[in-house]
Amino acid sequence: MSKNLEFVKFDKVDKSYDGKVLVVKDLNLDIAEGEFITMLGPSGSGKTTCLMMLAGFETPTNGEIFLNKNPISNIPPHKRGIGMVFQNYALFPHMTVFENLAFPLKVRKINKDDIDKKVDKALSMVSLTGFENRMPGQLSGGQQQRVAVARALVFDPQVVLMDEPLGALDKNLRESMQYEIKHIHESIGVTVVYVTHDQSEALTMSNRIAVFNDGKVQQLSSPDKLYEEPVNSFVAEFIGENNTFAGEVTNFQKDQCKVKLSNGSEIIANPVSVKSNGDKTTVSLRPERALINTKDKLENNFNGKIEEIIYHGDHTRVRIDLLGNKEFILKVPNSSANMDIKMGNQINVSWSSYDARALDPK
Amino acid sequence: MSSETKQILTTDGIPLEVSLKKAERKNKIKAFLLVAPLLLFLLITYIFPIGDMLMRSVDDKMVTEMLPKTFKSMEKWDGNEMPPEEVFESFYLDFQKLVEEKRDGKLSTQLNYTKNGFKSILKKLRRKAKNFEEGNYKEQIMDVHKRWANVEYWRAIKRRAPAYTSSKYLKGMDMYKNEEGKIVNVEEDRRIHRILWLRTLEIAFFVTLLCFLMAYPIAHLLATLPMKYSNLLMICVLLPFWTSLLVRTASWMILLQQQGVVNDFFVMIGLVPDDNRPEMMYNKTGTYVAMTQILLPFMVLPLYSVMKTISPSLMRAGKSLGGTPFVTFWKVYFPLTIPGIGAGCLLVFILAIGYYITPALVGGASGTLISNQIAFHMKSTLDWSFASAMGLMLLAGVLAIYWIYNKLVGIDNIKLG
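Here the structure is a predicted model, which means the values were calculated and not measured. (Residues numbered from 1 in each chain as written. Chains lettered and ligands numbered in written order. Predicted model: local features only at pLDDT ≥ 70, side-chain atom pairs only at ≥ 80, totals over all residues.)

Caption draft 1: Up close: the sheet that holds strand β10 (residues 216-221) of chain A. Residues and elements named next belong to chain A. As summarised here, the arrangement of the 6 strands in space is β6-β7-β8-β3-β9-β10, forming an open sheet in which the pairing is mixed. For this open sheet the edge positions go to β6 (82-85) and β10, each flanked by a neighbour on one side alone. Each adjacent strand pair in this sheet contributes to an overall mean axis angle of 20°, direction not counted. (Pairing = 2+ DSSP bridges. Helix = DSSP H or I, 4+ residues; strand = E, 2+ residues; numbered from the N terminus. Axes fitted to C-alpha atoms, helices over the stretch in contact; angles between N-to-C directions.)

Caption draft 2: Layout of the confidence of the model for chain A. Across chain A, the average pLDDT comes to 85, with 98% of residues at 70 or higher. Element-level mean pLDDT values for chain A span from 80 in strand β15 (residues 291-292) of chain A up to 92 in helix α2 (residues 97-106) of chain A. (pLDDT = per-residue confidence, 0-100.)

Caption draft 3: Focus on the nonpolar core. Among the nonpolar cores identified, the biggest contains 98 residues, and A:Leu54, A:Leu161 and A:Val193 are the most heavily contacted of them. Among the elements that take part in this core, helix α4 (residues 141-153) of chain A stands out by supplying 6 residues, more than any other. If sequence neighbours within four positions are ignored, A:Val193 has contacts with A:Ile31, A:Ile37, A:Met39, A:Leu51, A:Leu54, A:Val159 and A:Leu161. Core analysis: the next-biggest nonpolar cluster, separate from the first, contains 47 residues, B:Ala219, B:Ala290, B:Met291 and B:Ala343 among them. (Core = buried A, V, L, I, M, F, W, Y, C linked by C-beta atoms within 7 Å. Buried ≥ 20, exposed ≤ 12 C-beta atoms within 10 Å, placed from the backbone. Contact = placed C-beta atoms within 7 Å.)

Caption draft 4: Highlighting the packing of α2(A) against α4(A). Residue and element names in this part refer to chain A. Viewed as axis vectors pointing N to C, α2 and α4 meet at an angle of 25°, and their least axial separation amounts to 8 Å. Considering their axes alone, α2 and α4 lie roughly parallel with respect to each other. Note that α2 runs across α4; the crossing there is right-handed. Together, Val-97, Asn-100, Leu-101 and Pro-104 of α2 and Val-147, Ala-150 and Arg-151 of α4 make up the contact between the two elements. (Parallel < 35°, antiparallel > 145°, perpendicular 65-115°, else oblique. Left-handed = near helix turned anticlockwise from the far one by under 90°.)

Caption draft 5: Representation of the domain arrangement of chain A. Residue and element names in this part refer to chain A. Assigned domains within chain A: domain 1 (8-233) and domain 2 (241-359). On a C-alpha basis, the centres of domain 1 and domain 2 stand 39 Å from each other. Counting residues at the interface gives 4 residues for domain 1, matched by 6 residues for domain 2. The residue inventory of the side of domain 1 that touches domain 2, partitioned by class, reads 2 nonpolar, 2 polar and no charged. (Domains from an automatic or database assignment. Nonpolar A, V, L, I, M, F, W, Y, C, P; charged D, E, K, R; others polar.)

Caption draft 6: Spotlight on helix α15 (residues 312-320) of chain B. Of all 9 residues making up α15(B), 7 are buried, and the element is well covered by its neighbours. Buried within α15(B) are the following residues: B:Leu314, B:Met315, B:Arg316, B:Ala317, B:Gly318, B:Lys319 and B:Ser320. Its buried side turned inward, α15(B) meets α1 (47-55) and β6 of chain A together with α16 (325-353) of chain B. Remark: B:Gly322 follows α15(B) within two positions and exhibits a positive phi of approximately 110°.

Caption draft 7: Seen up close, the interface of chain A and chain B. Of the residues lining the interface, 19 residues belong to chain A; the matching set on chain B comes to 15 residues. Elements that contribute at least two residues to the side of chain A that touches chain B include exactly β6 and α2 of chain A. Ranked by residue count, the leading element in the side of chain A that touches chain B is β6(A), at 3 residues. Taken together, the residues of the side of chain A that touches chain B break down into 13 nonpolar, 4 polar and 2 charged.

Caption draft 8: View of unusual backbone geometry. Non-glycine residue A:Lys69 carries a positive phi angle of around 75°. The phi dihedral of A:Ala90 is positive, around 55°, even though this residue is not glycine.

Caption draft 9: View of the environment of A:Gly344. Residues and elements named next belong to chain A. The topology assignment puts Gly-344 in the loop between β18 (325-333) and β19 (346-351). Note on Gly-344: 7 C-beta atoms within 10 Å, which makes it exposed. In this structure, the C-alpha to C-alpha distance between Gly-344 and Ile-306, residues 38 residues apart in sequence, is 5.0 Å. Dropping the residues within four chain positions of it, Gly-344 is found in contact with Lys-305 and Ile-306.

Here's what the structure looks like:
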């Protein structure tokens, strides 16, 4: 069976709350059946608004949302059959775990035996069998979140929405829950729309990520492409760490260009969004792509002065002053102990022109 | 080294437990001193008056002290036939002493409470007693008036012998102890208190219900509106709080009277004919309207404080899981507001059951409550012991309601804010 690539479709959706500012601008987004898609962006970027429009708690000001080819703007939330996991879990505090899970089944008038079976199945899926009679207040944060996930899945919804579901958990728990949710998604194949502002969460879990900023999708692609090949400086800045140089294109070619920096030196970069000589640009370089004292012959090779050394356990971050950028960060694995990293020392840094992406100016 | 049983010592050698207690004692004393003024205040203004009320309501020492010899000699009398000479003699002696001290008037009032007809025969006895000869008082007293020869009057005196009585409580329930000492109801046309108790409960119940029905949507609105609107609405709810109770009740009188604003409006829109304006005051309607308005904030505030804590995402979750708005409200929202409903209803009901000023001003004859009866006995008949008895019955009623509530809902589930 071929997958429906437009299972959820945002078609030219605008949303404004006050009639003055558009929080979502001309959003076009197709979500395939069974996909795990993450809407990632800073707060106020419109990602949660999109989710709320899909869930039915907000209506688009303009445009239409389709679910399995049916327009849903006029369908109230309770008839959409979309499961949702909320940031604060939103478990019903006066009901036991069993009653919480049975709620969506009871309102669908499913008979009692089937309810028991489905609840059992959902609870074993999140490995909470035996917790049926607990009240939500007696569960830890992680357990509550698992119950919330189970409740959103128990009635076999077409789509499950998750609105920063792990935001309230501590770091370790958050990581293990990320894997758990990912595994659940893989085993049952439901379409998941996930909202988060945590980029590592998005990179870990998603098939595709839609990076939101300023009411628009900045880039929609798989996690690796998003990280390796950001299409604009917002994405490069937002996803992962990023060293930048501002400058002007001087020697534009098809797959290489020279960028003249403000201090006069020139670097060779990969022209991603610059078109011609004289364009202003921001060159973006991932810290791990800058190599130290390497023997390989790379196009860019400069010396910088070490300004600060921060120990991070598995690696050391070194801040150097390079080509007028005092915030240039290097990541040095702690296994490479042979290097002479001391405050004030000069250090040789080099990188390939392909990794230095000349993007739009900030 | 130190075993488990060995005491742990602090560095200066004092056992840890002792020094801990010492350190904590200071804090305990400080805490107690902080609450002591309030404790004292409560003791003086609350516990003590209630104790005094209790004493007063059962106190019947007055007659006991006025006729000490009589009651002593009556101990042996079984009350079936006329008492023996000994009783008459001691009664004469007691009475003469009272006459000398000019306290016989009080005695006649008190005995008249017990049985009508004592006043005149005591007056007569006082006149005649001056000329009594020594000995054979029985015959002399019986000659004064034929009622003195009636055994029922002597039984009536004997009934006043105990220093404590429950008669006031019985009276509050429209009951009394008859000559044979049995508790019986008063005649049907004189049962005023029971009607009042029932009416008090009825009005309190319906005022609570009305308050609940009106406060629930208001509280919900308050809890869900954006801050700038909800603040304004909150002020509207609280505004009556800041106005004197008397002023509010008086303004209801202006609104509700037959030539008042509400009636004028009804006539203007043609709802009622001008010559047949409905009476909305000096009856139950007036009491309902005014009390509901006055007690409304007491329902709104607990409901609001509970609703405020209910996350809006719960309703969303309910809807996203497939519950219709009504089902979601009924299964998710409503159960979560029960602590607020309980607190509000208990508060309003208890306040309503003892309400005084409003029913007194707008209630008329059919809209007054038990508290008005208590006030009547405090101010007009000066029968304080009866007023105390009814006050305590009211208090007991409130405690009973509290107890029932605790059994049904659980007092821990209450949330006032």
